[in-house]
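# Coordinate analysis (summary)
The chain contents come next:
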Amino acid sequence: MTEIGRRDMLMGAGLALAAAAAATGAARAAEPPYRTATYTTPRGDAVLTIYRKTPEGAGRTPALLLAHGSSVSALPTFDLTVPGAGEYSMMNVFAHWGYDVWALDFSGYGKSTMPTGNSDIAMGSEDLLATVDLIKAQTGQSKVHLMGESGGALKCGRFAMDHPDRVNRLVLEAMTWTGAGSPTLAKRAEQAEYYKTHTTRPRDEAAILSIFTRDRPGTADPRVGPAMAAAELPHGTSIPAGTYLDMTVNLPIIDPARITVPTLVARGEYDGIATEQDLLAFMAKLATPDRQYSVIPGAAHSLSMGLARRRYWHIMHGFLSMPA
C-alpha cells in the first residue's frame, strides 16, 4: 500500500470513529434528563392517577403540582408531544429546570375514576389534598408549588383557601373570578340547565379544537389541537360537568381575601374566560402582598399550548424561583 493510501485509510478510520463518538454523544444528549413514574391514590370512593417527572440524579428538588382544566386530562395538557412543532411538554421543561413535577387526573378525567359526584371545584380541592399527601409520602415535602389552568385554577384557588399550609407558591392561569363580562361563560351558560341535571357532559374532537380558535385564531400552532385530541379522546367523549356548572351558576368560587400564599395570576391577551377588570379586582383583594399579575401578549386561553408559551413558562419559573 502506498503512503497516500495508508494516510487516506487512517483518515477515513479517524473520521468514522469521530462520527461514531459524535453519534453516541448525541444519543446521550437526547436521553431525557429526568425519571418518570405513575402513581394511584384513593380519594373517597375515587382512585386518582398521578404522574411524575423529576430530574435524573437530583437530590431534593421543589415539588410542582400541575392541575388541568375542565375539558382535557393531565398528560395531553402538560406532557403533549406535537411532532415537528417544538417542545410542548410543560413537565419536560420544568423538570429540566430542576423541579420535581407532578400532575394529576382529577376525578372522572383521564385514568382517574369518579364513582359518584361531578368533579366540581370542591371535589377538585379534595383531589389536590390527596395528591399533596401522596407527594409528601414520596418526597417528605409537605408543601408544593401549585399551578392550575382555567377550571384547574379555580380548584387550586379553593385548595389554597382551605389548606394554605400546604402551598409554597400559587399560579392561577387562565382563571375567572366572578365571570362578569366573559363572552366564553355567557355562551357556556346557555347549557346551565343541562349541567344542573347531569354529572357528565359530552366533549368531542371539535370541542377540543375550539379551545385554540374560539378567542383568537392564529395564537396557537394548528398542529396542537389535533395532537391534543388524539391524546385525549382514547379516554372517551364524556367528561365531568362539575366545573362547567360551577363556572356558569356558582361564581365566585374563590375568596381572594382568604388566599394568603404568594400568588401569580397569568392570562392571555385575548382570553375570553374573564375580563381584565374582573381579574384586577381579584388581585386587589388578595390577602398576600406577594402577588403578581401578568398578561401574555399574543396569547389566548391556553397559555401552555400557544405560540407564546415560552413567555409564560419564563414568567412562571421566575415567580416560583424567587428568593425568599
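Before going into details, it helps to say that this report is about the structure given with it. (Residues numbered from 1 in each chain as written. Predicted model: local features only at pLDDT ≥ 70, side-chain atom pairs only at ≥ 80, totals over all residues. Heavy atoms only, no water.)

Here strand 2 (residues 46-55) lies mainly inside the structure; nine of its 10 residues are buried. Pairing of strand 1 (residues 34-43) with strand 2 involves 10 bridges; the strand directions are antiparallel. Counterpart to T36 in the pairing with strand 2 is K53. Hairpin connection between strand 1 and strand 2: a loop of two residues separates the two successive antiparallel strands, and G44 in this loop has a positive phi of roughly 60 degrees. In the sheet, strand 2 pairs with strand 6 (residues 100-105) via five bridges, with the strands oriented antiparallel. Within the sheet, the bridge partner assigned to Y51 lies in strand 6 and is A103. (Buried < 20%, exposed > 50% of the residue type's maximum accessible area, 1.4 Å probe, protein only. Helix = DSSP H or I, 4+ residues; strand = E, 2+ residues; numbered from the N terminus. Pairing = 2+ DSSP bridges.)

Right, let's get into helix 9 (residues 224-232). Three or more residues of helix 9 are buried, namely V224, G225, A227, M228, A229 and E232. Against helix 2 (74-78), strand 4 (80-81), strand 5 (87-88) and helix 8 (205-210) lie the buried residues of helix 9. (Contact = heavy atoms within 4.5 Å.)

A few words now on the pattern of salt bridges. Two side chains bearing opposite charge may form a pair once their charged atoms approach each other closely. Scanning the model with the defined rule gives 13 salt bridges in all. Taking the shortest distance from any N to any O, the salt bridge between D127 and R43 comes out at 2.7 Å. Residue D127 is located in helix 4 (residues 121-139), and its partner R43 is located in strand 1; the two are separated by 84 residues in the primary sequence. For R43, a relative accessible area of 11% translates into the label buried. Here the salt bridges do not stand alone but share partners, grouping R43, E126 and D127 into one network. (Salt bridge = Lys/Arg side-chain N within 4 Å of Asp/Glu carboxyl O.)

Two aromatic rings, taken as a pair, are described by how far apart their centres are and by the angle between their planes. One pass over the structure, following the stated rule, counts six aromatic pairs. Taking 6.2 Å as the distance between ring centres and 85 degrees as the angle between the ring planes, the aromatic pair formed by Y194 and Y195 counts as edge-to-face. Taken together, the ring pairs in this structure connect F94, W97 and Y99 into an aromatic cluster. One cation-aromatic arrangement involves K155 over F106; the distance from NZ or CZ to the ring centre is 4.0 Å. The lysine or arginine in question, R169, covers the ring of F319, its NZ or CZ lying 4.7 Å from the ring centre. (Phe/Tyr/Trp six-rings, centres within 6.5 Å; stacked < 30°, edge-to-face > 60°. Lys NZ or Arg CZ within 6 Å of the ring centre and 35° of its normal.)

Attention now goes to the sheet that holds strand 11 (residues 263-268). Note: strands within a sheet are paired through backbone hydrogen bonds, in either parallel or antiparallel orientation. The eight strands lie next to each other as 1-2-6-3-7-8-11-12, forming an open sheet whose pairing is mixed. A strand with exactly one partner marks an edge of an open sheet, and here the two such strands are strand 1 and strand 12 (291-296). Recorded for the sheet is a direction-independent mean angle of 20 degrees between the axes of neighbouring strands. Of the pairings in the sheet, the one linking strand 3 (residues 63-67) to strand 7 (residues 144-149) comprises four bridges and is parallel in character. Within strand 7, the residue paired with A67 across the bridge is G148. Strands in contact with helix 5 (residues 151-162) are strand 3, strand 7 and strand 8 (167-173); relative to strand 7, the strand with the most contacts, it is inclined by about 145 degrees. Contacts from helix 12 (residues 309-320) reach strand 3, strand 7, strand 8, strand 11 and strand 12 within the one sheet, and its direction differs from that of strand 8 by about 160 degrees. (Axes fitted to C-alpha atoms, helices over the stretch in contact; angles between N-to-C directions.)

With that settled, consider the environment of A46. Mapping A46 onto the fold places it in strand 2. What makes A46 buried here is its relative accessible area of 2%. Spatially, the C-alpha atoms of A46 and D127 are 9.1 Å apart, while their sequence positions differ by 81 residues. With sequence-adjacent residues up to four places away left out, A46 is seen in contact with T41, S107, T113 and P115.

Our focus in this paragraph is the nonpolar core. Here is a general trend for soluble globular proteins: nonpolar side chains tend to be buried in one another's company. The biggest cluster of nonpolar side chains holds 44 residues, and the ones touching the most others in it are L65, L128, L170, M175 and F282. Once residues lying within four places of it in the same chain are set aside, the contact partners of L170 are L146, C156, A160, I259, V261, P262, T263, L264 and F319. Counting residues in hydrophobic clusters, the runner-up holds 27 residues, among them L66, A308, M316 and F319. (Core = buried A, V, L, I, M, F, W, Y, C linked by side-chain atoms within 4.5 Å.)

With respect to the helices, strands and loops of the structure, L303 is situated in the loop between strand 12 and helix 12. Take L303: its relative accessible area is 1%, and that puts it in the buried class. Between the C-alpha atom of L303 and that of A174, which follows or precedes it by 129 residues, the distance is 7.5 Å. The contact partners of L303, leaving out residues within four places of it in the chain, are E173, A266, R267, G268, I296, R309 and Y312.

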